[in-house]
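Here is how the chains run, residue by residue.
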Number of protein chains: 2
Amino acid sequence: MTEDGRLLRGERTRTAVLDRALPLATTAGLDGLSLGQLADTLGISKSGLFAHWRSKEALQLAVIDHARQQWTDEVIRPGMTAPRGVRRLWAVHDRRLAFYEDGHLPGGCFFANANFEYNARPGVIRDRLAVQLSDWMAFLTSLATDAIEVGDLRPETDAAGIAYETESLGVCAVMQAPVLGPVTFRHARHALHEHLRVLATDPTLLPELT
Amino acid sequence: MTEDGRLLRGERTRTAVLDRALPLATTAGLDGLSLGQLADTLGISKSGLFAHWRSKEALQLAVIDHARQQWTDEVIRPGMTAPRGVRRLWAVHDRRLAFYEDGHLPGGCFFANANFEYNARPGVIRDRLAVQLSDWMAFLTSLATDAIEVGDLRPETDAAGIAYETESLGVCAVMQAPVLGPVTFRHARHALHEHLRVLATDPTLLPELT
DNA sequence: CTACAAAACGACCGACCGTTCGTAAATAAA
DNA sequence: TTTATTTACGAACGGTCGGTCGTTTTGTAG
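Residues numbered from 1 in each chain as written. Chains lettered and ligands numbered in written order. Predicted model: local features only at pLDDT ≥ 70, side-chain atom pairs only at ≥ 80, totals over all residues. Heavy atoms only, no water.

By the naming in an unreviewed UniProt entry, chain A is TetR family transcriptional regulator, taken from Paractinoplanes tereljensis.

> Lay out the UniProt feature "DNA-binding region" (unreviewed entry) in chain A with the relevant residues and their values.
Here, the residues flagged by UniProt with the feature "DNA-binding region" (unreviewed entry) are residues 34–53 of chain A. Across residues 34–53 of chain A, the secondary structure splits into 60% helix and 0% strand, with the terminal C-alpha atoms separated by 14 Å. (UniProt positions renumbered as here; feature names shortened; annotations may be inferred. Helix = DSSP H or I, 4+ residues; strand = E, 2+ residues; numbered from the N terminus.)

> Outline the interface of chain B and chain A, listing residues and values.
Frequently, the measure chosen for interface size is the accessible area removed from exposure when the parts meet. Each partner contributes residues to the interface: chain B has 37 residues there, and chain A has 38 residues. With both sides pooled, the region where chain B packs onto chain A buries about 3,300 Å², and carbon together with sulfur makes up 67% of that total. Sorting the residues of chain B by area buried against chain A places B:Phe116, B:Tyr164 and B:Met175 first, and these three jointly supply 25% of that buried surface. For the pair chain B and chain A, the number of links is zero salt bridges. Counting every contact that joins chain B to chain A gives six residue pairs in polar contact (both at pLDDT 80 or more). Broken down by secondary-structure element, the contributors of at least two residues to the side of chain B that touches chain A are α1 (9–28), α6 (110–118), α7 (124–149), α8 (159–180) and α9 (183–199) of chain B. Ranked by residues supplied to the side of chain B that touches chain A, first place goes to α8(B) with 16 residues. When the residues that make up the side of chain B that touches chain A are grouped by side-chain class, the tally is 20 nonpolar, twelve polar and five charged. (Contact = heavy atoms within 4.5 Å. Buried area = accessible area lost by both parts, 1.4 Å probe. Salt bridge = Lys/Arg side-chain N within 4 Å of Asp/Glu carboxyl O. Polar contact = N/O pair within 3.5 Å; in protein donor to acceptor, adjacent residues only side chain to side chain. Nonpolar A, V, L, I, M, F, W, Y, C, P; charged D, E, K, R; others polar.)

> I'd like to hear about the UniProt feature "domain: HTH tetR-type" (unreviewed entry) in chain A, residue by residue, with values.
In the UniProt entry, the feature "domain: HTH tetR-type" (unreviewed entry) is given for residues 11–71 of chain A. When the span residues 11–71 of chain A is considered, its composition is 75% helix and 0% strand, and the gap between its end C-alpha atoms is 21 Å.

> Provide a residue-level description of the packing of helix α8 (residues 159–180) of chain A against α9(B), including the pertinent values.
Two elements in contact, α8(A) and α9(B), have axes separated by 10 Å at closest approach and are oriented at 90°. Comparing their axes, α9(B) and α8(A) come out roughly perpendicular. Across the interface between the two elements, A:Ala160, A:Gly161, A:Tyr164 and A:Glu165 from α8(A) touch B:Thr184, B:His187, B:Ala188 and B:Ala191 from α9(B). Considering only residue class, the contact of α8(A) with α9(B) consists of four nonpolar, three polar and one charged. (Axes fitted to C-alpha atoms, helices over the stretch in contact; angles between N-to-C directions. Parallel < 35°, antiparallel > 145°, perpendicular 65-115°, else oblique.)

> Please set out the protein's contact with DNA strand D residue by residue, giving values where relevant.
Lining the immediate environment of DNA strand D, one finds 20 residues, of which A:Lys56, B:Thr13, B:Ser45, B:Ser47 and B:His52 sit closest. A share of 62% is what sugar and phosphate atoms reach among the atoms of DNA strand D within 4 Å of the protein. Within the side chain of B:Thr13, one N or O atom sits 2.7 Å away from a phosphate oxygen of DNA strand D. Between DNA strand D and the protein, one listed contact pairs a base oxygen with a side-chain N or O atom of B:Ser47 at 2.7 Å. Looking at the surface near DNA strand D, the elements that each hand over two or more residues are α2 (35–42) and α3 (46–49) of chain A together with α1 of chain B. For the surface near DNA strand D, the element with the highest residue contribution is α1(B), accounting for three residues. Split by residue class, the surface near DNA strand D holds four nonpolar, eleven polar and five charged. (Near = heavy atom within 4 Å.)

> Account for the relation of the copies chain B and chain A, with residues named and values stated.
With an RMSD of 0.0 Å, chain B superimposes on chain A once it is rotated by 180° and translated 0.0 Å along the axis. Overall, the copies show the geometry of a two-fold rotation axis. The rotation axis passes nearest to the C-alpha of B:Ser168 in chain B, at a distance of 2.6 Å. The residues that chain B uses at the interface reappear at the interface of chain A in 100% of cases, marking a shared surface. (Least-squares fit on C-alpha atoms with pLDDT ≥ 70 in both.)

> Before we move on, can you summarise the protein's contact with DNA strand C with the specific residues and values?
Within the structure, DNA strand C sits among 20 residues, and A:Ser45, A:Ser47, A:His52, B:Ser34 and B:Lys56 are positioned closest to it. Within 4 Å of the protein, the atoms of DNA strand C are drawn from sugar and phosphate moieties in a proportion of 63%. Contact distances for DNA strand C include 2.5 Å between a phosphate oxygen and a side-chain N or O atom of A:His52. At a separation of 3.1 Å, a phosphate oxygen of DNA strand C approaches a polar backbone atom of B:Leu33. Among the elements that make up the surface near DNA strand C, the one with the highest residue count is helix α1 (residues 9–28) of chain A (three residues). Residues belonging to the surface near DNA strand C are distributed by class as follows: five nonpolar, eleven polar and four charged.

> So what's going on with helix α6 (residues 110–118) of chain A? Which residues, and what values?
Most of α6(A) sits out of view: nine of its nine residues are buried. Within the span of α6(A), buried status applies to A:Phe110, A:Phe111, A:Ala112, A:Asn113, A:Ala114, A:Asn115, A:Phe116, A:Glu117 and A:Tyr118. (Buried < 20%, exposed > 50% of the residue type's maximum accessible area, 1.4 Å probe, protein only.)

> Any details on the pattern of salt bridges? Residues and values, ideally.
Residue and element names in this part refer to chain A. Tallying each qualifying case throughout the model produces 24 salt bridges over all chains. Across the salt bridge formed by arginine 95 and glutamate 74, the nearest N and O atoms sit 3.7 Å from each other. In this pair, arginine 95 is assigned in helix α5 (residues 86–101) and glutamate 74 in helix α4 (residues 56–79), connecting sequence segments 21 residues apart. Note on arginine 95: relative accessible area 32%, which makes it partly exposed. Taking relative accessible area as the criterion, glutamate 74 reaches 30% and is therefore assigned partly exposed. A network of salt bridges, in which partner residues are shared, links Arg84, Asp146 and Glu149.

Here's what the structure looks like:
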């Protein structure tokens, strides 16, 4: 950081590298990510990457953190603008699906891909992914708990079950979309909509589905 | 094939190779599968593999077909022994979960891993995986349609929606199990159980869940 | 301007990758 | 047994991988 608050050159480089590495890792896999290819598409040298990260693994961890930041900005934060309760739960679900629906992201969901890539490879990377997954499930559960507390959902509702169903519908959508097309997002929306409508004390809190 | 019906030596070798390649590909990825490592663990030479498959890609396709055969034997066929209707749909769901629940398969579900690995990589392999996924979803849908036809599920039930929900619960379970443990299988069972119970004309067709 | 540290580079390394090829062993049919 | 074919091997190839090292360029601070 310079004295007038501007970013150092290195900081700008790191951000540019991670911005480019994230889609590459989403497409080729976090392990299949090639440092040579990454450097080439950025117009810098491969050895130059090692001036910012000591190893490929260190860069991979940085990519995970970068993806998490993007997830927070694009899914969680917009969803949190909805009023507390079932509307907020729905907003997060809808926002997540919308994030992938138009297909502007090559490779689909980074976290889904990475979790499946590493679910049989113990190590630092899987640990970092596991933390993200745990936190995300805890967040979804807290949304469901909130919805019960404010009276949007019936008291006997299973908050963890709602969270699991929400997550499963989202994950399946990003898996099937490249093969089966946009209908998967329709299913992912309708299924949770139906489920929440049954459990809701006031079904009008949920938007109409086309 | 010899005249008395025994397998040729090559046929035995091919089966042994695929038996070993399937767990390796499930763990390291279909692309990450190393021919050298595969040959080493089998006690044969790397070049010997090329006597049976012309390229790595050809072997990868064979692995997919092998996995599909295993899936048919271990999930579909046992599930089909249940009586037609909602009990058969439930049996397939339960059988699929049980197949992964005890963790005797290193790397989780081959098809889930492979689909996420290749969902952004067009080509012969993704095409083969897409056929498998389409067929599987069509199979699940046909089970739901059957259940409606025999009167187990209410006539207005959305068969494709049931199929999508069944698949999503299963996929999410194999993704989360290594991180969150067996509770994910409990969620996957309870969610579909609850859903089917609501839609069933006779809830007693479904087994009690512990 | 000088001094210093951050940043980027090119050349190179050993390891592993998928693949080819000529040859030898094993097994089938005659 | 002889013959033909299948199966397997060892050696080698070009290429890519992550990573190291010494050097040069770039930008900041004094």
